[in-house]
Amino acid sequence: MSCKSATPTQTGLTAILLTDGPHTMDMLSAVTSGFGMTKRLKARTIEEAFDFHKVNSIDLIILDCSTAEMNGIEITRRFRMEFEGEKSESPILAVAGHASQLQIAQYRDAGASFVVAKPVAPGILLQRILWLAQDMRDLVNTPTFRGPDRRVRASGLPIGITQGRRSTDLDANVSEIAGLNLDQSKIDDMLKPVRVNLL
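Computed from a predicted structure; not experimentally measured.

What counts, and at which threshold
- Residues numbered from 1 in each chain as written.
- Predicted model: local features only at pLDDT ≥ 70, side-chain atom pairs only at ≥ 80, totals over all residues.
- Heavy atoms only, no water.
- Phe/Tyr/Trp six-rings, centres within 6.5 Å; stacked < 30°, edge-to-face > 60°.
- Helix = DSSP H or I, 4+ residues; strand = E, 2+ residues; numbered from the N terminus.
- Buried < 20%, exposed > 50% of the residue type's maximum accessible area, 1.4 Å probe, protein only.
- Lys NZ or Arg CZ within 6 Å of the ring centre and 35° of its normal.
- Core = buried A, V, L, I, M, F, W, Y, C linked by side-chain atoms within 4.5 Å.
- Contact = heavy atoms within 4.5 Å.
- Axes fitted to C-alpha atoms, helices over the stretch in contact; angles between N-to-C directions.
- Parallel < 35°, antiparallel > 145°, perpendicular 65-115°, else oblique.
- Left-handed = near helix turned anticlockwise from the far one by under 90°.
- Salt bridge = Lys/Arg side-chain N within 4 Å of Asp/Glu carboxyl O.

Asks: Sorry, what's going on with the packing of aromatic side chains here?
Replies: Given two aromatic rings, one states the distance between the centres and the angle between the planes to describe the pair. Inspection of the entire model under this criterion finds four aromatic pairs. Their ring planes at 25° and their centres at 4.6 Å tell us that Phe50 and Phe79 sit as a pair that is stacked. Separated by 29 residues along the polypeptide, Phe50 in helix α3 (residues 46-55) and Phe79 in helix α4 (residues 72-81) bring together distant segments of the chain. Each member of the pair, Phe50 as well as Phe79, is classed as buried. Taken together, a centroid distance of 5.8 Å and an interplanar angle of 80° make the contact between Phe114 and Trp131 edge-to-face. Of this pair, Phe114 sits in strand β5 (residues 114-117) while Trp131 is found in helix α6 (residues 122-134), placing the two residues 17 residues apart along the sequence. Comparing Phe114 with Trp131 shows no difference in burial state: the two are buried. Taken together, Phe50, Phe79 and Phe83 form an aromatic cluster joined through their ring pairs. When the ring centre of Phe114 is taken as origin, the NZ or CZ atom of Arg128, which lies over that ring, is 5.3 Å away.

In structure tokens form, the structure reads like this:
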């Protein structure tokens, strides 16, 4: 989902919506419809969501699952680990009812691209979707983690995003802020052992 257009309507976005109840699905469907997102595949079960993902080109997965039967963190991990190639790279936006720092970290460690806390403000949800539409982070693939590179603060903001969410986020011109790289001889000098006289 690296399209640089300004609205979900122009991107031709295809999204999977997976929630743990019909009321939540109705709310999420209405909100995303208001964004002009017409290609919304509404999954009633995890298996149905996986089937949608297998046979469609998916640009975004939105999860709102917080019950024992549908644990959003585990579902996120399964989407990341059970698919290969581009299928494993689809951005995952998780909606969490109790978005504590611990839960956000668990979603992040499972491979979620973003976590949005309830109650969901449509404007915030749209901002996160637009951010993900322009996010060019690489997918990290290790034996214990598969998901987007979490080093946003080190790499700068996505193209087209002018302001970060945190005061510590770097702007798009990371290389200009960081300055010139050290040459190898200076790095080697820093790593050489030094004999010290102890008094």
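Asks: For this particular structure, what's the right way to read the nonpolar core?
Replies: It is characteristic of soluble globular proteins that their nonpolar side chains tend to be buried jointly. Counting residues in each nonpolar core, the largest one holds 19 residues, and the members touching the most others are Met37, Leu60, Ile62, Leu93, Leu125 and Ile129. Those elements that provide at least two residues to this core are β1 (14-19), α2 (22-34), β3 (60-64), β4 (92-96), β5 and α6. In terms of residues, this core owes the most to one element, α6, which gives four residues. Within the second largest apolar cluster, 16 residues are counted, among which are Ala49, Cys65, Phe79 and Phe83.

Asks: Would you mind showing me how to read unusual backbone geometry here?
Replies: Peptide bonds are trans in most cases, and residues, glycine excluded, mostly fall at negative phi. With omega at -5°, the peptide bond leading from Lys118 into Pro119 counts as cis. Here Pro119 lies in the loop between β5 and α6.

Asks: I tried to follow the side chain of Thr76 on my own but got confused; where do I start?
Replies: Note on placement: Thr76 falls in helix α4. Each residue touching Thr76, except ones within four places of it in the same chain, is listed here: Leu63, Ile92, Tyr107, Ala110, Gly111 and Ala112.

Asks: So what exactly am I meant to see when it comes to the packing of α3 against α4 here?
Replies: Each pair of packed helices gets described by two things: the angle between the helix axes and the distance between those axes. The N-to-C vectors of α3 and α4 enclose an angle of 30°; their axes lie 12 Å apart at closest approach. The orientation of α3 relative to α4 falls into the category roughly parallel. As for the relative orientation of α3 and α4, their crossing is right-handed in sense. Only Ile75, Arg78 and Phe79 of α4 make contact with α3, whose side of the interface consists of Ile46, Ala49, Phe50 and His53.

Asks: Explain the pattern of salt bridges to me, please; I cannot follow it from the model alone.
Replies: A pair can form between side chains of opposite charge whenever their charged atoms are brought close. A complete count under the given rule lists seven salt bridges for this structure. Note that Lys54 is salt-bridged to Asp51, the shortest N-O span being 4.0 Å. You can see Lys54 and its partner Asp51 sitting in helix α3, three residues apart, about one turn around the helix. With relative accessibility at 42%, the residue Asp51 sits in the partly exposed group. Close ionic contact of Lys118 with Asp64 constitutes a salt bridge, the shortest N to O distance being 3.1 Å. With a gap of 54 residues between them, Lys118 in the loop between β5 and α6 and Asp64 in strand β3 connect regions that are remote in the sequence.

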